[in-house]
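# Examining the three-dimensional arrangement
Here are the chains, one letter per residue:
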Amino acid sequence: AQSVTQLDSQVPVFEEAPVELRCNYSSSVSVYLFWYVQYPNQGLQLLLKYLSGSTLVKGINGFEAEFNKSQTSFHLRKPSVHISDTAEYFCAVSGLNNNDMRFGAGTRLTVKP
Amino acid sequence: EAGVTQSPTHLIKTRGQQATLRCSPISGHTSVYWYQQALGLGLQFLLWYDEGEERNRGNFPPRFSGRQFPNYSSELNVNALELEDSALYLCASSRRGGSSYNEQFFGPGTRLTVL
């Protein structure tokens, strides 16, 4: 089975600063990788996904992530954050059948003015 | 197109009672997934239903069960509630799972509080 570790439970950052949210996964088979965002009192929204092909994946709201197979990582980055990016971010992994998605514990991003 | 809907929004029960949570998938989706989001534990995969059958199950006791109806809506039942069952329960739907990639779309969740 696959598993995910999000290395930071909380990341505080000032507005317009760059941010990186770290994610490492474990799997013995090929995987799909995802980042989801959860705003307060809402469900999850897909930010971006890696299925195959280019290891640099661009998503919504200016976020991007890079799949690194050798380091089994899928870190999320944004060059300049906004107050509105304050939310909980979840990294997730699934096998290629995508019916058993495993989530990390989440990283709370707080953007301060 | 309407998204995934869940009811009720909030549910308060006492220990030992049963809770029933409901989910309506996006039109055209046949797969429904249930997740538990307990405080500090992230999201844990509970159950996957497709075409009316339970296809996969996470590491939860049998008192967590559910079903999928012919219209593809789903119920999650939690029997003999325990305090640690307090959590946000998220439902997601996708086109038929089990083959290639089908994006899961999430509902807003049902917040279950066990007193």
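Here, the structure is the one placed above.
The paragraphs below set out a description of the structure included in this document. It should be emphasised that the depicted structure is a prediction, and the values quoted were computed from it without experimental measurement.

## Some thoughts on the overall build of chain A
- From N to C terminus, chain A includes 0 helices and 12 strands.
- Each helix and strand of chain A, ordered N terminal to C terminal, gives the series β-β-β-β-β-β-β-β-β-β-β-β.
- Compactness check: chain A gives a C-alpha radius of gyration of 13 Å against a globular reference of 13 Å for 113 residues, within 12% of the reference.
- In terms of its C-alpha atoms, chain A occupies a principal-axis envelope of roughly 45 × 30 × 20 Å.
- Relative to its 113 residues, chain A shows a buried fraction of 49%.
- Across chain A, every contact between residues at least 6 apart in sequence was considered, and the portion connecting residues at least 24 apart equals 56%.
- Accessible surface, chain A as shown: approximately 5,300 Å² in total, 48% of it carbon and sulfur.
- Here chain A contributes 9 positive and 9 negative side-chain charges, whose respective centroids are spaced 5 Å apart.

## With respect to the packing of aromatic side chains
- Scanning the entire structure with this criterion turns up 13 aromatic pairs over all chains.
- Between B:Y35 and B:F45 the ring centres are 5.9 Å apart and the planes differ by 65 degrees, which places this aromatic pair in the edge-to-face class. With B:Y35 in strand 4 (residues 31-38) and B:F45 in strand 5 (residues 42-50), this pair connects stretches of sequence that are 10 residues apart. For the pair shown, B:Y35 and B:F45 are each scored as buried.
- One Lys or Arg, A:K112, reaches over the ring of A:F14 and ends 4.8 Å from the middle of that ring.

## A few points about the interface of chain B and chain A
- Across the contact, 20 residues belong to chain B and 20 residues belong to chain A.
- Taken together, the two surfaces of chain B and chain A that pack against each other cover about 1,600 Å², and 54% of this comes from carbon and sulfur.
- Linking chain B to chain A there are 1 residue pair in polar contact (both at pLDDT 80 or more).
- Elements that contribute at least two residues to the side of chain B that touches chain A include exactly strand 4, strand 5 and strand 9 (87-94) of chain B.
- Top contributing element to the side of chain B that touches chain A by residue count: strand 5 of chain B, with 4 residues.
- By residue class, the composition of the side of chain B that touches chain A is 10 nonpolar, 9 polar and 1 charged.

## Re the state of the cysteines
- Inspection of every chain in the model, using the stated rule, returns 2 disulfides over all chains.
- Residue pairing for A:C23: its cysteine sulfur links by disulfide to A:C91, the two sulfurs lying 2.0 Å apart. On the S-S bond that ties A:C23 to A:C91, the torsion sits near -65 degrees, and the link is left-handed. Here the residue A:C23 occupies a position in strand 4 (residues 23-26), and A:C91 occupies one in strand 10 (residues 87-95), the gap between them amounting to 68 residues.
- Each disulfide pairs two cysteine sulfurs, and for B:C23 the partner residue is B:C91, the sulfurs being separated by 1.8 Å. Judged by the sign of its S-S torsion, about -60 degrees, the bond between B:C23 and B:C91 is left-handed. Taken together, the residues span a long stretch of sequence, with B:C23 in strand 3 (residues 19-24) and B:C91 in strand 9 at a distance of 68 residues.
- Classification of B:C23 as buried rests on a relative accessible area of 1%.

## Observations regarding the side chain of B:S74
Residue and element names in this part refer to chain B.
- Along the chain, S74 turns up in strand 8 (residues 74-78).
- In terms of polar contacts, S74 uses its side chain to reach the backbone carbonyl oxygen of R67, at 3.0 Å.
- With near-sequence residues (within four places) excluded, S74 lies in contact with L21, R22, C23, V32, W34, Y49, R67, Q68 and F69.

## Quick notes on the pairing of strand 6 (residues 44-50) of chain A
Residues and elements named next belong to chain A.
- Among the 7 residues of strand 6, 5 are classified as buried, and the element is accordingly described as predominantly covered.
- Note that strand 5 (residues 31-38) and strand 6 share 6 bridges and pair antiparallel. Bridged to W35 within strand 6 is L48.
- The antiparallel pairing of strand 5 with strand 6 creates a hairpin that spans 5 residues between the two strands, and N41 there sits at a positive phi of about 60 degrees.

Quick notes on the rules
Residues numbered from 1 in each chain as written. Chains lettered and ligands numbered in written order. Predicted model: local features only at pLDDT ≥ 70, side-chain atom pairs only at ≥ 80, totals over all residues. Heavy atoms only, no water. Helix = DSSP H or I, 4+ residues; strand = E, 2+ residues; numbered from the N terminus. Rg over C-alpha atoms; globule rule 2.2 N^0.38 Å. Buried < 20%, exposed > 50% of the residue type's maximum accessible area, 1.4 Å probe, protein only. Contact = heavy atoms within 4.5 Å. Areas by Shrake-Rupley, 256 points an atom, 1.4 Å probe, with all protein chains shown as cover. Lys, Arg positive; Asp, Glu negative; His and termini not counted. Charge placed at Lys NZ, Arg CZ, Asp CG, Glu CD. Phe/Tyr/Trp six-rings, centres within 6.5 Å; stacked < 30°, edge-to-face > 60°. Lys NZ or Arg CZ within 6 Å of the ring centre and 35° of its normal. Buried area = accessible area lost by both parts, 1.4 Å probe. Polar contact = N/O pair within 3.5 Å; in protein donor to acceptor, adjacent residues only side chain to side chain. Nonpolar A, V, L, I, M, F, W, Y, C, P; charged D, E, K, R; others polar. Disulfide = S-S within 2.5 Å. Pairing = 2+ DSSP bridges.

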